[in-house]
Amino acid sequence: MTDQPKGEFVCKSDEIQLKQALRVLIDDYPVAIVKDSMGEIHAIGDTCSHADISLSEGEVEGCMIECWGHGSQFDLRTGEPLQLPAYDPVPVFAVDIRGDEVYVDFTNVVNGAEAPTFS
């Protein structure tokens, strides 16, 4: 018997282009599913910690995503801001890839940032 994927199914891996992000909502909480320059898939909170702006609309370079609003940059692995004006990290969630299916465990915030609360 194979073990079950961890988390919720969010998309197929080919739905995310290289160096692009896909915005998904889980219980109204926005998450950016991002494929970095090397093809690795990450899941981060989709809202910039500096302003209420969707990160999934920003540019991806290397293992970083840039907020299109004010230029803050975030490391996709750690959620840490790399460029001001943001100074707080965004949450990074555990990703489980099974074949071409991408699952995200929204209960597992891997970087210690504030976890989303669901009602």
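The following paragraphs examine the structure supplied in this document. (Residues numbered from 1 in each chain as written. Predicted model: local features only at pLDDT ≥ 70, side-chain atom pairs only at ≥ 80, totals over all residues. Heavy atoms only, no water.)

What to know about the environment of Ala43
Filter applied, for reference: Secondary structure elements follow DSSP: runs of H or I of four or more residues count as helices, runs of E of two or more count as strands, with numbering from the N terminus. In what follows, a contact means two residues having at least one pair of non-hydrogen atoms within 4.5 Å.
Position of Ala43 relative to the elements: it lies in strand E4 (residues 41–45). A C-alpha to C-alpha distance of 10 Å links Ala43 and Val110, two positions 67 residues apart in sequence. In contact with Ala43, other than residues within four places in its own chain, are Val31, Ala32, Ile33, Pro91, Val92, Phe93, Val95 and Val104.

Points about the pairing of strand E3 (residues 29–35)
Each regular strand shows side chains that alternate between the opposite faces of the sheet. Cut-off, in case you're wondering: A 1.4 Å probe rolled over the protein chains alone gives each residue an accessible area, and that area as a share of the maximum for its type sets the label: buried under 20%, exposed over 50%, partly exposed in between. Pairing between two strands is assigned when DSSP locates at least 2 bridges connecting them.
In terms of residue burial, E3 counts as a mostly covered element, since six of its seven residues are buried. One ladder, built from seven bridges, connects strand E2 (residues 20–26) with E3; its direction is antiparallel. Within the sheet, the bridge partner assigned to Ile26 lies in E3 and is Tyr29. From the end of E2 to the start of E3, which pair antiparallel, there are two residues, and Asp27 there has a positive phi angle of about 50°. With five bridges joining them, E3 and E4 adopt antiparallel strand pairing. Pairing of Val31 across the sheet is with Gly45, part of E4. Connecting E3 to the antiparallel partner E4 that follows it, the hairpin turn spans five residues, and Gly39 within it adopts a positive phi of roughly 90°.

A few points about the sheet that holds strand E7 (residues 73–75)
Spatially, the four strands line up as an open sheet ordered E5-E6-E7-E8, and their pairing is antiparallel. For this open sheet the edge positions go to strand E5 (60–61) and strand E8 (81–83), each flanked by a neighbour on one side alone. As paired strands, E5 and strand E6 (residues 64–66) are joined by two bridges and run antiparallel to one another. Counterpart to Glu61 in the pairing with E6 is Met64.

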